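Here is what each chain is made of, one letter per residue.
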Amino acid sequence: MISAFQEEPNKVVEVIEEDIWGAIKEFLQIGIGYGSGDQRIEITIGLLIMLSVALLVTNFLLRWLRSLLTRRMANDDRLKFISVFKFIRYVIYIVVIIITMSAAGIDITLLLTASAALFVGLGLALQELFQDVIGGIFIILDKSLHVGDIIEVNGKVGKVFEIKLRTTRAITRDDKVIIIPNHHFISEIIYNYTQNHKTTREKVIVGVAYGSDIDVVTKILLEIAEGQEGIMKNPKPFVLFDDFGDSALLFSVNFFISDSFSDPRIKSEMRYKIDAKFREHKITIPFPQRDIHIFQDLPFRHTSIGTAKNSNES
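Residues numbered from 1 in each chain as written. Predicted model: local features only at pLDDT ≥ 70, side-chain atom pairs only at ≥ 80, totals over all residues. Heavy atoms only, no water.

Engineer: I keep staring at the packing of aromatic side chains and nothing clicks. Help me out?
Structural biologist: Think of a pair of aromatic rings as described by two things: how far the centres are apart, and how the planes are tilted against each other in angle. Scanning all chains against the criterion turns up two aromatic pairs. Arranged with centres 5.2 Å apart and planes meeting at 55°, the rings of Phe 241 and Phe 244 form a pair that is tilted. Using a relative accessible area of 37% as the deciding quantity, one classes Phe 241 as partly exposed. Its relative accessible area of 57% is what places Phe 244 among the exposed residues. The interplanar angle of 20° and the centroid separation of 4.5 Å between the aromatic rings of Phe 241 and Phe 251 together place this pair among those described as stacked. Residue Phe 241 is located in strand 9 (residues 238-244), and its partner Phe 251 is located in strand 10 (residues 249-257); the two are separated by ten residues in the primary sequence. Accessibility expressed as a relative area gives 2% for Phe 251, which makes it buried. An aromatic cluster is defined as three or more aromatic residues linked by ring pairs; in this entry it consists of Phe 241, Phe 244 and Phe 251. (Phe/Tyr/Trp six-rings, centres within 6.5 Å; stacked < 30°, edge-to-face > 60°. Buried < 20%, exposed > 50% of the residue type's maximum accessible area, 1.4 Å probe, protein only. Helix = DSSP H or I, 4+ residues; strand = E, 2+ residues; numbered from the N terminus.)

Here is the structure:
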């Protein structure tokens, strides 16, 4: 009687091990294979489930780690860290996939060897993308560019409003968005008007006719600069006598502003005022002129068209 009760649990264990767990193992081993012999690679349901679980756990751990590292960061630094962390996350995912496949018994070297040509082609195709990503990481780490900076790229001036891992976006003075691939910031010369501070020195150039009273010209230019809205009082504006031009005496009024983005509007208002003041004081802004001297050895001879035609016919 006792032996009968002892055989019952053993049968239950055998059923679980052989029938239920055996069916599960058969189900997990369903899949497709590539190659033959030692080079055969099996992609099974069990492997896919293992990869999914590994990626989910990795994703949870990375989110927790990012939250832990950024909770006390300033908003600007936190956004930069998240951009770099995205790139690191993709690298970690690839490493986790390789480790998981290796733990499942797949020879990773064979897989990498079989995919070598694909990786080479993919690397060449994505070469510029990788350059943009590396450029974005350099921008974020060395802080060579910040949101709000005013930059000049290919003759276009824009104010940066977003820095991403691959591209930087800026809005131009005519309210158009310019998208700049980040590799430009490490391979080309980029003018950053506000890298050191927000103040920049600007100037308006004007030419006056020879014989004009240069003291009056200097006084007018200084008065206009000192009274112009948007120009800083300190450092003070100043006037330079730049050169003796071909047709004019060249002056420049130099001034400092704290918002380089509004530079064209300030210069335009100043040019209106300069023109009005010069007219009031009878100061001429000349246009380019050239003197032409004609030298001839023989006396000038006038020939009409009719006379020339008759002489040719004869």
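Engineer: Mind showing me how you'd approach the pattern of salt bridges here?
Structural biologist: For the structure on display, the rule yields eight salt bridges. Between Glu 162 and Lys 164 there is a salt bridge, with its nearest N and O atoms 3.9 Å apart. A relative accessible area of 28% means that Glu 162 is categorised as partly exposed. The partly exposed category is assigned to Lys 164, whose relative accessible area is 37%. For Arg 279, the salt bridge is made with Asp 275, and the minimal N-O distance between the two is 2.9 Å. Of this pair, Arg 279 and Asp 275 both sit in helix 9 (residues 263-280), separated by four residues, roughly a single helical turn. Residue classification places Asp 275 among the partly exposed positions, given a relative accessible area of 32%. Connected through salt bridges with shared partners, the residues Arg 173, Glu 202, Asp 263 and Lys 267 form a single ionic network. (Salt bridge = Lys/Arg side-chain N within 4 Å of Asp/Glu carboxyl O.)

Engineer: Sorry, what's going on with empty space enclosed by the protein here?
Structural biologist: To find leftover empty space, one rolls a probe the size of a water molecule over the atoms. Tallying each qualifying case throughout the model produces one cavity of 30 Å³ or more. Space inside the largest cavity adds up to approximately 50 Å³. Considering the residues around the largest cavity, the lining is formed by Asn 59, Leu 62, Arg 63, Arg 66, Phe 85, Lys 86 and Arg 89. When contributions to the lining of the largest cavity are tallied by element, the ones reaching two or more residues are helix 2 (45-70) and helix 3 (75-103). In terms of residues, the lining of the largest cavity owes the most to one element, helix 2, which gives four residues. Looking at the lining of the largest cavity, its residues break down into two nonpolar, one polar and four charged. (1 Å grid on protein atoms, 1.4 Å probe; cavity = no way out; pocket = protein on both sides within 12 Å on 5 of 7 lines; lining within 4 Å. Points joined across faces, edges and corners; volume = space filled by probe spheres on them. Nonpolar A, V, L, I, M, F, W, Y, C, P; charged D, E, K, R; others polar.)

Engineer: In this structure, what is going on with helix 8 (residues 214-227)? I would like to understand it.
Structural biologist: Given 3.6 residues to a turn, an α-helix orients residues that are three or four positions apart in the same direction. In this model, helix 8 (14 residues) spans 20 Å end to end at C-alpha, consistent with the 20 Å of a helix rising 1.5 Å per residue. The inward-facing, buried residues of helix 8 abut strand 8 (200-208), strand 9, strand 10 and helix 9. In this structure Asp 213 caps helix 8, since a side-chain oxygen of it lies 3.1 Å from the backbone nitrogen of Asp 215. (Expected span 1.5 Å × (residues − 1). Contact = heavy atoms within 4.5 Å. Polar contact = N/O pair within 3.5 Å; in protein donor to acceptor, adjacent residues only side chain to side chain.)

Engineer: How should I be thinking about the sheet that holds strand 7 (residues 191-192) in this particular structure?
Structural biologist: Reading across the sheet, the five strands line up as 6-5-4-3-7 and stay open at both edges, with antiparallel pairing between neighbours. Pairing within the sheet leaves two strands with one partner each, and these edge strands are strand 6 (177-181) and strand 7. Relative to strand 7, strand 3 (residues 150-153) runs antiparallel, the two being bridged by two bridges. When the sheet's bridge partners are listed, Ile 151 is paired in strand 7 with Asn 192. (Pairing = 2+ DSSP bridges.)

Engineer: Could you clarify how one ought to interpret the packing of helix 8 against helix 9 in this entry?
Structural biologist: Describing two packed helices takes the angle between their axes plus the distance from one axis to the other. The interhelical angle for the contact between helix 8 and helix 9, taken along N-to-C directions, is 145°, at an axis separation of 10 Å. Along this stretch, helix 8 crosses helix 9, giving a crossing that reads as right-handed. On the side of helix 8, the interface is formed by Val 217, Ile 220, Leu 221, Ile 224, Ala 225 and Gly 227, while helix 9 contributes Met 270, Lys 273, Ile 274, Lys 277 and Phe 278. (Axes fitted to C-alpha atoms, helices over the stretch in contact; angles between N-to-C directions. Left-handed = near helix turned anticlockwise from the far one by under 90°.)

Engineer: Hey, could you run me through the pairing of strand 5 (residues 167-172) in this one?
Structural biologist: Both strand 4 (residues 156-163) and strand 5 contribute to a ladder of five bridges, which runs antiparallel. Directly across from Gly 158, in strand 5, lies its bridge partner Thr 172. From the end of strand 4 to the start of strand 5, which pair antiparallel, there are three residues. The pairing of strand 5 with strand 6 spans five bridges and is antiparallel. Each bridged residue has a counterpart across the sheet, and for Thr 168 the counterpart in strand 6 is Ile 180.

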